[in-house]
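# Understanding the architecture of this molecule
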Amino acid sequence: LPPSVQIVIGGTVESSGQSQAPIAAVVPVMLLIMATLVMIQMQSFRLSLIVFAAAPLGLIGVVAALVPFRVPMGFVAILGILALIGILIRNSIILVHEIQALLARGRSKWDAVFEASDSRARPILLTAAAASLALIPISRQVFWGPMAFAMMGGIIAGTLITLLFVPALYCVVFGVRRPQPGTGGPGALPPDPRDI
């Protein structure tokens, strides 16, 4: 091309880039504030790590929702992902806080993890279902549709994975082991009759 010809990005790509620039500038500040609040709540680096480790899992559901329905990953979908991160972190905080509360009541680590996962599963799942169903009316709109699909897929998949991943990661980080049969400790399993 002659030197007088220039190629510039325009149209929807240019508009999307201009819209995402302010968000990208604020994301580090947002993450710092979230990390500070989680640290204040958890008062432990390891617990905070467990809480934050669940946040990226929502991207599995986001991709699973956007790709089959051919929904573009644009400015609005990114807004949905940012909101999704907060939802998944909140679920993780609820689960980890319940584990710590049970430990404070004298439960063994294994029992605390098991009981917290069991008792918090229903309210977390019901909250996720309510949030997902509430997004259905806007999922067919041109502007808000990508955000709705991103959040619905991320909430559903992220919540289900979080309920399995957070307790498992807690056990790994804190070295929680399943009690052996016949040890007699709290939460121990009854002896197997075949071993008698």
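Look above for the structure.
Residues numbered from 1 in each chain as written. Predicted model: local features only at pLDDT ≥ 70, side-chain atom pairs only at ≥ 80, totals over all residues. Heavy atoms only, no water.

Right, let's get into the overall build of the protein chain. Assigned secondary structure in the protein chain consists of 6 helices and 0 strands. Each helix and strand of the protein chain, ordered N terminal to C terminal, gives the series α-α-α-α-α-α. Out of the 196 residues belonging to the protein chain, those deemed buried represent 37%. Intrachain contacts of the protein chain at a sequence separation of at least 6 include 69% that bridge at least 24 residues. Surface summary for the protein chain: the accessible area is close to 11800 Å², and the carbon and sulfur share equals 69%. (Helix = DSSP H or I, 4+ residues; strand = E, 2+ residues; numbered from the N terminus. Buried < 20%, exposed > 50% of the residue type's maximum accessible area, 1.4 Å probe, protein only. Contact = heavy atoms within 4.5 Å. Areas by Shrake-Rupley, 256 points an atom, 1.4 Å probe, with all protein chains shown as cover.)

Let us look at helix α4 (residues 75-104). Taking 1.5 Å per residue as the helical rise, α4 with its 30 residues ought to reach 44 Å, and the 44 Å between its terminal C-alpha atoms agrees with that figure. Immediately beyond the C-terminal end of α4, within one or two residues, lies G106, with a positive phi of roughly 100°. (Expected span 1.5 Å × (residues − 1).)

By size, the foremost hydrophobic cluster in this structure holds 28 residues, and its most contacted members are M42, L47, I50, V51, I89, V96 and Y170. Among the elements of the structure, α1 (11-42), α2 (45-53), α4, α5 (109-134) and α6 (145-174) are those that each provide at least two residues to this core. With sequence-adjacent residues up to four places away left out, I50 is seen in contact with V96, V166, L169, Y170, V173 and F174. Membership of the second largest hydrophobic core comes to 17 residues, among which are A77, L88, A128 and F149. (Core = buried A, V, L, I, M, F, W, Y, C linked by side-chain atoms within 4.5 Å.)

Time to look at the environment of V173. Topologically, V173 is positioned in helix α6. When the C-alpha atoms of V173 and L49 are compared, they prove to be 9.5 Å apart, with 124 residues separating the residues in sequence. Residue contacts for V173: discarding those within four places in its chain leaves R46 and I50.

This part takes up the pattern of salt bridges. On inspection of all chains with the given rule, the structure shows 1 salt bridge. When the shortest N-O distance is used, the salt bridge between E115 and R107 registers 3.0 Å. (Salt bridge = Lys/Arg side-chain N within 4 Å of Asp/Glu carboxyl O.)

As a further point, take the side chain of S132. Along the polypeptide, S132 turns up in helix α5. With relative accessibility at 7%, the residue S132 sits in the buried group. Polar contacts involving the side chain of S132 include one to the main-chain carbonyl oxygen of A128, which spans 2.9 Å. Beyond its immediate stretch of four places on either side in the chain, S132 contacts M152, I155 and I156. (Polar contact = N/O pair within 3.5 Å; in protein donor to acceptor, adjacent residues only side chain to side chain.)

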